[in-house]
Structure formats: C-alpha cells, structure tokens
Amino acid sequence: MDDKLKIGKFEFNSRLIIGTGKYADFGIMKKAHEASGAEVVTVAIRRINFDNPKENLLNFIDKNKMTILPNTAGCYTAEEAIRTARLAAEIGLPKWVKLEVIGDQKTLMPDNEETLRAAKVLVKEGFTVLPYTNDDIVACKKFEEAGAAAVMPLGAPIGSGQGILNPNNIRIVLENAKVPIIVDAGVGTASDATIAMELGADGVLLNTGVALAKDPVRMARAMKLAVESGRDAFLSGRIPKKMYASASSPIEGTLK
Amino acid sequence: MKLIINGKEKELECDNVSELLDKLNLNPDVVAVELNKNIVHRQEFGNIKLNDKDRLEVVTVVGGG
C-alpha cells in the first residue's frame with residue numbers, strides 16, 4: 001500500500017514527526033524515537049554549550065532512519081528566523097525548515113505576518129519551508145501561495161496538550177489545501193493524534209506529549225499506532241452518523 | 001586577543017576559525033559559525049582570519065519541537 005507523505009522533494013512512510021526537546025535524557029529520547037516509527041525529528045538551533053561540548057544531540061539521532069528538520073523556535077522576528085534557518089543549513093542539516101515565528105510569549109501563538117515575510121525569503125533561497133501557523137484558512141492559504149511545501153496549523157497552543165481544539169477549523173483548512181497539512185502542537189495523548197488524522201491531516205508533529213509522558217517510550221508507540229489508525233480510518237471512509245439505531249444482526253428469523 | 005564568543009568575552013590566541021574551534025574543544029562537524037553577523041562557510045574555517053574584538057556566534061543542534 002503506497003501511502004507516502006510527500007513534502008517538497010522529501011518522502012516518508014511515517015506520518016508522525018517527533019521532537020527532541022524536554023526528554024529526561026538523550027537515551028530515553030532515542031528509544032522513544034525508535035518506538036514512534038517516525039522518520040522526521042525536529043531540532044532547535046542554539047549557542048553551543050562550552051561546558052559540555054561533546055554531549056551533542058546529533059550523536060543520539062540515527063541518521064540512517066531519521067531526517068532532521070530544524071526549527072526556528074524562539075524567534076520573534078522574520079530576520080531571526082531567516083538567520084536561524086541559514087545557520088541550520090550551514091551545520092549541514094537538510095535545507096528545509098519548520099518555520100516558527102512567535103508573537104506572544106505566554107501563549108506562543110504565531111506571528112503570521114513575520115512568519116510569512118520569512119517564508120518568502122527562505123523559499124527564494126531554495127529552502128523547503130513548513131510554516132507553523134494558526135488553524136485559520138486565510139493564514140494557511142497565504143503560506144501556500146508563498147510557496148510553502150507544507151503548512152502546519154496548530155491543534156492547540158504549543159506544549160499545552162489540549163488536543164485539537166477546533167476540528168472544524170482544521171477541516172476547513174484541509175478542504176482547501178493543495179499542499180500537505182500537518183497538525184503541529186497541542187497533541188497530548190493518542191486520541192488527539194487520531195482525531196487529527198481522521199479529519200484528513202497529512203501528518204502530525206508532536207513533542208511534549210511524548211517527551212513529558214511518564215513513560216515516553218510507551219507513549220511514542222501509542223502515538224505511532226494512533227497516527228496509523230487515524231490515517232486508515234480516514235482513508236476507509238467512515239459511515240455517516242445517524243440519529244437512530246440500525247441493527248447489525250438480521251431482523252428476520254428471530255425466535256417468536 | 002579578545003574575542004566575544006556567544007556573548008562572552010574570551011582571551012584566546014588563534015589565527016582562524018578552525019584553530020578557535022580546536023582550542024574550544026568543539027567538533028567542527030556539528031557547528032555553524034557567524035563572524036560579526038556574517039556566516040562563515042565550513043570550507044572557509046581554516047582561511048578566515050580572526051582579529052581582536054571580533055564577535056562570533058557558534059551554534060549547534062539542541063532538543064526542540
């Protein structure tokens with residue numbers, strides 16, 4: 001069954017993208033990554049720690065199985081995000097980026113104006129751009145028109161674990177999308193990921209839901225199954241909801 | 001000479017970026033370097049000369065979502 005996730009020139013069998021932040025240690029992270037079946041992992045770009053320069057995250061990512069997707073988390077302007085994306089490429093990471101420009105510190109809601117400005121520059125420079133944005137059809141359309149290879153609307157605020165707060169908005173985004181839509185942020189537990197996929201999302205990106213679970217490895221496995229279940233359910237075509245019952249066993253031949 | 005690396009002043013003697021990374025015990029394969037806000041490409045690490053009061057950013061990959 002060929003059902004690959006295609007983002008620009010990148011192709012994956014798994015529709016789950018998983019983060020590398022907030023894990024108790026890199027060993028647990030690596031095991032969780034394996035259990036998740038994910039083929040894409042997100043990373044952040046930061047000043048190097050001189051006190052412990054040899055303990056590098058890259059040593060704990062299996063580059064044969066995983067493609068590293070750098071993010072621009074922590075950026076508040078287009079310029080900062082562009083600079084971060086360029087530096088990530090200089091490190092030797094693939095030339096693509098989870099483009100994130102934050103507009104509010106408390107809610108970590110995206111600044112779409114700045115994100116769009118950065119997207120246009122990076123697309124021109126040949127980056128495959130995946131902007132993080134609101135679950136808003138207008139924002140998503142603008143990114144698509146700006147050349148984004150995929151658009152990543154939020155399910156709920158980053159790290160909040162609140163699930164898909166507005167399924168209708170995601171549905172509307174999906175109906176009108178010409179590029180893959182990846183629900184990014186808000187996924188707290190397996191059913192949240194399934195709901196996103198049942199709505200027709202092309203993928204799910206999550207970090208905290210796995211990293212901060214009591215058993216991250218087990219939760220990673222749950223997320224893998226949840227994404228696969230949701231995808232299969234979406235492709236199967238669910239039955240319509242009805243007001244009244246409809247017997248599953250034949251009425252004829254019942255004992256009198 | 002005095003270099004400002006990742007916002008902190010350091011007193012170091014080194015001719016170029018390669019030497020600097022070596023002195024800081026950093027693996028050049030996992031970093032990117034900015035010198036006075038301009039990116040220094042990896043292949044130029046050995047050629048780009050450093051001067052007193054240069055400002056450098058040395059970044060790498062860390063955990064994120």
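That block above? That's the structure.
Residues numbered from 1 in each chain as written. Chains lettered and ligands numbered in written order. Predicted model: local features only at pLDDT ≥ 70, side-chain atom pairs only at ≥ 80, totals over all residues. Heavy atoms only, no water.

J.: I tried to follow the layout of surface pockets on my own but got confused; where do I start?
T.: One simple way to see leftover space: roll a probe sized like a water molecule over the atoms. Its volume calculated, the largest pocket comes out at about 420 Å³. Along the wall of the largest pocket there are 29 residues; nearest its centre are Lys22, Ile158, Asn207 and Thr208 of chain A together with Gly65 of chain B. Where the lining of the largest pocket is concerned, the elements lending two or more residues are β4 (40–47), β10 (203–206) and α7 (208–211) of chain A together with β5 (55–63) of chain B. Of the residues contributing to the lining of the largest pocket, the split by class is ten nonpolar, 14 polar and five charged. (1 Å grid on protein atoms, 1.4 Å probe; cavity = no way out; pocket = protein on both sides within 12 Å on 5 of 7 lines; lining within 4 Å. Points joined across faces, edges and corners; volume = space filled by probe spheres on them. Helix = DSSP H or I, 4+ residues; strand = E, 2+ residues; numbered from the N terminus. Nonpolar A, V, L, I, M, F, W, Y, C, P; charged D, E, K, R; others polar.)

J.: Can you help me understand empty space enclosed by the protein in this one?
T.: Per the counting criterion, the structure on display carries one cavity of 30 Å³ or more. Considered as a void within the structure, the largest cavity measures approximately 40 Å³ in volume.

J.: Teacher, can you tell me more about the pattern of salt bridges here?
T.: If charged atoms from side chains of opposite charge come close, those side chains can pair. All names here are of chain A. Under the defined criterion, the tally for this structure stands at 15 salt bridges over all chains. Residues Arg231 and Asp3 are paired through a salt bridge, measuring 2.8 Å at the closest nitrogen-oxygen approach. Of the two residues, Arg231 is situated in helix α8 (residues 216–236) and Asp3 in the segment before β1 (5–7); the sequence distance between them amounts to 228 residues. The exposure class assigned to Asp3 is partly exposed, which follows from its relative accessible area of 24%. (Salt bridge = Lys/Arg side-chain N within 4 Å of Asp/Glu carboxyl O. Buried < 20%, exposed > 50% of the residue type's maximum accessible area, 1.4 Å probe, protein only.)

J.: Teacher, can you tell me more about the side chain of Glu90 of chain A here?
T.: For Glu90 of chain A, the position within the fold is in helix α2 (residues 78–91). Notably, Glu90 of chain A is buried but unbridged: the nearest opposite-charge side chain belongs to Arg42 of chain B, and the N-O separation is 6.0 Å. Not counting residues up to four positions away in its chain, the partners in contact with Glu90 of chain A are Val31, Ala32, Ile39, Val40, His41 and Arg42 of chain B. (Lys, Arg positive; Asp, Glu negative; His and termini not counted. Contact = heavy atoms within 4.5 Å.)

J.: Would you mind going over the nonpolar core with me for this structure?
T.: Most often, soluble globular proteins have nonpolar side chains that are buried together. Counting 85 residues, the largest nonpolar core has Val210 of chain A together with Leu3, Leu20 and Leu50 of chain B as its most contacted members. Among the elements that take part in this core, α2 of chain A stands out by supplying seven residues, more than any other. The contacts of Leu50 of chain B, once residues within four sequence positions are left out, are Met1, Leu3, Cys14, Asp15, Asn16, Val17, Leu20, Leu35 and Leu56 of chain B. Of all hydrophobic cores here, the second largest spans 14 residues; its members include Phe12, Ile17, Val40 and Leu130 of chain A. (Core = buried A, V, L, I, M, F, W, Y, C linked by side-chain atoms within 4.5 Å.)

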